[in-house]
Amino acid sequence: MQRVLRQFPDIHSYLRGFPNILDSCSRQCDHCGAEDALVGHGTYRRSFVTFGFKRTIRIQRLRCTKCPTTISLVPLFLRCRSPYAAEVVRQVRTARARGAPLYTIPASLAAMGVAVKYATIRSWAARAA
Ligand SMILES: [Zn+2]
């Protein structure tokens, strides 16, 4: 299970807030609703691609003491099961909304330091329509 942390819209705020992430999150279980039941359950590393660089950050995990649920605290700028930051997808959808032909977008992204396959861009654009 994932919980999106809206208080971290970008990597800078996330890196600043990460050391105190356990203090700043609710301890109520997202699955069973038990109060004060979530405890730290280690971290894992997650890589993602955004404009100009690839980066690896740590993701905090929580475990419920009342049910078998584990929860990952994922910052807002990451996307579920995607190696690309949300801002990359937003860039594609904005370009499409402004009328940019789909076939021109891979080269525009490459100029901004992000290599994305045409098929991936096409699927992002299709989901936005
Ligand atoms: Zn629970």
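What about the nonpolar core?
Here is a general trend for soluble globular proteins: nonpolar side chains tend to be buried in one another's company.
Right, on to step 1. Membership of the largest hydrophobic core is limited to 10 residues, which are Phe48, Phe77, Leu78, Ala85, Val88, Val92, Ile105, Val114, Ile121 and Trp124.
Right, on to step 2. Secondary-structure elements contributing two or more residues to this core are helix H3 (86-97) and helix H5 (118-128).
Right, on to step 3. Ile121 has contacts with Val92, Leu102, Ile105, Pro106 and Val116, leaving out every residue within four places of it along the chain.
Right, on to step 4. In this structure, Tyr14, Leu38, Leu62 and Leu73 belong to the second largest nonpolar core, which totals 9 residues.

Digging into the sheet that holds strand E4 (residues 70-75)
Right, on to step 1. Across the sheet, which stays open at both edges, the 4 strands sit in the order E1-E4-E3-E2 with mixed pairing between neighbours. Both outer strands of the open sheet, strand E1 (2-5) and strand E2 (38-50), are each paired with one neighbouring strand and no more. Put simply, the sheet's adjacent strands are angled 25° from each other on average, direction ignored.
Right, on to step 2. Strand direction decides the pairing type here: E2 and strand E3 (residues 53-64), joined by 11 bridges, are antiparallel. Within E3, the position partnered with Leu38 by the bridge is Cys64.

Some details on H3
Right, on to step 1. The end-to-end C-alpha separation of H3 is 16 Å, in line with the 16 Å expected for 12 residues at 1.5 Å each.
Right, on to step 2. By the burial criterion, the buried members of H3 are Val88, Gln91 and Val92. An end-on view of H3 places all buried positions within 95° of arc, on one side of the element. Pointing more than 90 degrees away from the buried face of H3 are the exposed residues Arg90, Thr94 and Ala97.
Right, on to step 3. A positive phi of about 95° marks Gly99, the residue just after H3.

Rules and cut-offs
- Each chain has its residues counted from 1, following the order in which its sequence is written.
- It should be noted that, the model being predicted, local features are given only for residues of pLDDT at least 70 and side-chain atom pairs only at 80 or more, the latter also being counted only at that level, while totals for whole chains, interfaces and linings use all residues.
- By convention the nonpolar core is taken to be a set of buried residues drawn from Ala, Val, Leu, Ile, Met, Phe, Trp, Tyr and Cys and joined through C-beta atoms within 7 Å.
- Burial in this document is a count-based property: other C-beta atoms within 10 Å of a residue's C-beta are tallied, and the residue is buried at 20 or more, exposed at 12 or fewer, or partly exposed in between, with C-beta positions derived from the backbone.
- A run of H or I in DSSP counts as a helix once it spans at least four residues, and a run of E counts as a strand once it spans at least two, with each numbered from the N terminus.
- Contact criterion: two residues are in contact if their C-beta atoms, reconstructed from the backbone, are within 7 Å.
- Only strands joined by at least two bridges in the DSSP assignment are considered to pair.
- Here, axes are lines fitted to C-alpha atoms. For helices the fit covers the stretch in contact, and angles between N-to-C directions go from 0 to 180 degrees.
- Here the expected length of a helix is defined as 1.5 Å per residue gap, with one fewer gap than residues.
- Here, the arc refers to the directions that run from the helix axis to the C-beta atoms.

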